[in-house]
Amino acid sequence: MKIRIRNRQTGMSLVELMIAVTLSIFVIGALVALFINSKENYRLNENMSRLQESARFAASFLAHDLRMSDYRACVTDDRRSDALAGAEGTGLNSSDSVTILWKTNACGAADATRTTIYSVANNPAGNPALFRSVDGVSEELVEGIQSLQLQFGEDTDNDHIPNYYVSASSVTDMEQAISVRVTLVAQTLESNLSANGGRITRSFTETVTLRNRLP
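Residues numbered from 1 in each chain as written. Predicted model: local features only at pLDDT ≥ 70, side-chain atom pairs only at ≥ 80, totals over all residues. Heavy atoms only, no water.

Considerations on the sheet that holds strand S8 (residues 177-187)
At step 1: Ordered in space as S7-S6-S8-S9, the four strands form an open sheet in which the pairing is antiparallel. For this open sheet the edge positions go to strand S7 (164-166) and strand S9 (201-209), each flanked by a neighbour on one side alone. Neighbour-to-neighbour, the strand axes of the sheet open up by a mean angle of 25°, direction not taken into account.
At step 2: When S8 meets S9, the two strands line up antiparallel, connected through nine bridges. (Pairing = 2+ DSSP bridges. Helix = DSSP H or I, 4+ residues; strand = E, 2+ residues; numbered from the N terminus. Axes fitted to C-alpha atoms, helices over the stretch in contact; angles between N-to-C directions.)

Take a look at the structure:
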């Protein structure tokens, strides 16, 4: 007579349970690491996009008003000696500032001048920002601008081409400045983004021609 012995499954053994738990821990850890890495990449990309956008806006504001320097309604008017003036290293992080003047009156009307000053300072939140003062009224334009550096292209032989670019204190005759090289340093508003745990900064340079001083 043959006796048949049946193996019955009565549950998981302790070894099987430990293996299942260990595998689950590895899977959950991998998912958590993937989530954290994706979140950090998103935060980095978002901050870098905002940094580039801030620099682009700041350069656009500066370029527009610099091109208006020495604007005169009457073409027979002489250049203003004070239409453009720079102050070197007077702002936040040794930033430069620039004062821009142009006439706003029509030809033959009473003289009226608009005075615009660009500088870098901390905003109420404690972040560096580009500020603009128009006829004494100051406003914050772009947050995250750490530094503003200016070099003036001086035309010494009247060929309408800058002979060299120098800082404001080295300009011989500001009336002969026909272009301005603007360098902006923008920073991310959030920290813990760079390798050393700080903020990321980028430098942007643009050369602006002062068209009202050209024929």
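Here the narrative resumes.
Here we look at the nonpolar core
At step 1: Leu66, Leu84, Leu130, Phe152 and Val182 are the most contacted members of the largest nonpolar core, which totals 32 residues.
At step 2: Among the elements of the structure, helix H1 (14-67), strand S2 (97-103), strand S3 (113-122), strand S5 (137-143), strand S6 (145-154) and S8 are those that each provide at least two residues to this core.
At step 3: Ignoring sequence-local partners within four residues, the contact set of Val182 consists of Leu62, Leu66, Leu148, Gln149, Leu150, Phe204, Thr205, Glu206 and Val208. (Core = buried A, V, L, I, M, F, W, Y, C linked by side-chain atoms within 4.5 Å. Buried < 20%, exposed > 50% of the residue type's maximum accessible area, 1.4 Å probe, protein only. Contact = heavy atoms within 4.5 Å.)

A word on the sheet that holds S5
At step 1: Read across the sheet, five strands follow the order S1-S2-S3-S4-S5 without closing on themselves; strand pairing throughout is antiparallel. Strands with a single pairing partner mark the edges of an open sheet, and in this sheet they are strand S1 (84-87) and S5. Sheet twist, expressed as the mean angle between neighbouring strand axes with direction ignored, is 20°.
At step 2: Pairing analysis gives four bridges linking S1 to S2, with the strands arranged antiparallel. When the sheet's bridge partners are listed, Leu84 is paired in S2 with Ile100.
At step 3: Where H1 meets the sheet, it contacts S1, S2, S3, strand S4 (128-134) and S5, and its direction lies at approximately 140° from that of S5.

Structural notes on a nonpolar patch on the surface
At step 1: A surface patch of nonpolar side chains, about 520 Å² in accessible area, is lined by Leu14, Leu17, Met18, Val21 and Ile25.
At step 2: Of note, Met18 is situated in helix H1.
At step 3: For Met18, a relative accessible area of 52% translates into the label exposed. (Patch = residues over 30% accessible without salt bridge, like charges linked within 9 Å, V, L, I, M, F, W, Y side chains within 5 Å. Areas by Shrake-Rupley, 256 points an atom, 1.4 Å probe, with all protein chains shown as cover. Salt bridge = Lys/Arg side-chain N within 4 Å of Asp/Glu carboxyl O.)

Focus on the environment of Met48
At step 1: Residue position: Met48 is located in helix H1.
At step 2: Each C-alpha atom, one on Met48 and one on Tyr164, is 33 Å from the other, the two residues being 116 residues apart in sequence.
At step 3: With sequence-adjacent residues up to four places away left out, Met48 is seen in contact with Thr188, Ile200 and Arg202.

Quick look at unusual backbone geometry
At step 1: Even without a glycine there, the phi angle at Asn93 is positive, about 55°.
At step 2: One can find Asn93 in the loop between S1 and S2.
At step 3: What makes Asn93 partly exposed here is its relative accessible area of 45%.
At step 4: Despite not being glycine, His160 has its phi angle at roughly 65°, a positive value.
At step 5: Among the structural elements, His160 can be located in the loop between S6 and S7.
At step 6: Classification of His160 by relative accessible area gives partly exposed; the value is 42%.

Things to note about the environment of Arg213
At step 1: Within the element layout of this structure, Arg213 appears in the segment after S9.
At step 2: Residue classification places Arg213 among the buried positions, given a relative accessible area of 3%.
At step 3: A sequence separation of 29 residues divides Arg213 from Leu184, and the C-alpha atoms of the two residues are 24 Å apart.
At step 4: Here Arg213 is in contact with Asp70, Arg79, Arg80, Ala83, Leu84, Met174, Glu175, Gln176, Ala177 and Ile178, once residues within four sequence places are set aside.
At step 5: For Arg213, the side chain forms a polar contact with the main-chain oxygen of Ala177, separated by 3.0 Å. (Polar contact = N/O pair within 3.5 Å; in protein donor to acceptor, adjacent residues only side chain to side chain.)

Side note on the side chain of Ser179
At step 1: Mapped onto the elements of the fold, Ser179 is located in strand S8.
At step 2: At 2.8 Å, the side chain of Ser179 and the side chain of Tyr165 are in polar contact.
At step 3: Not counting residues up to four positions away in its chain, the partners in contact with Ser179 are Gln151, Phe152, Gly153, Pro162, Tyr165, Thr207, Val208, Thr209 and Leu210.

Points about the packing of aromatic side chains
At step 1: What the rule picks out here adds up to zero aromatic pairs.
At step 2: A cation sits over an aromatic face here: Arg181 above Tyr165, 3.9 Å from the ring centre. (Phe/Tyr/Trp six-rings, centres within 6.5 Å; stacked < 30°, edge-to-face > 60°. Lys NZ or Arg CZ within 6 Å of the ring centre and 35° of its normal.)

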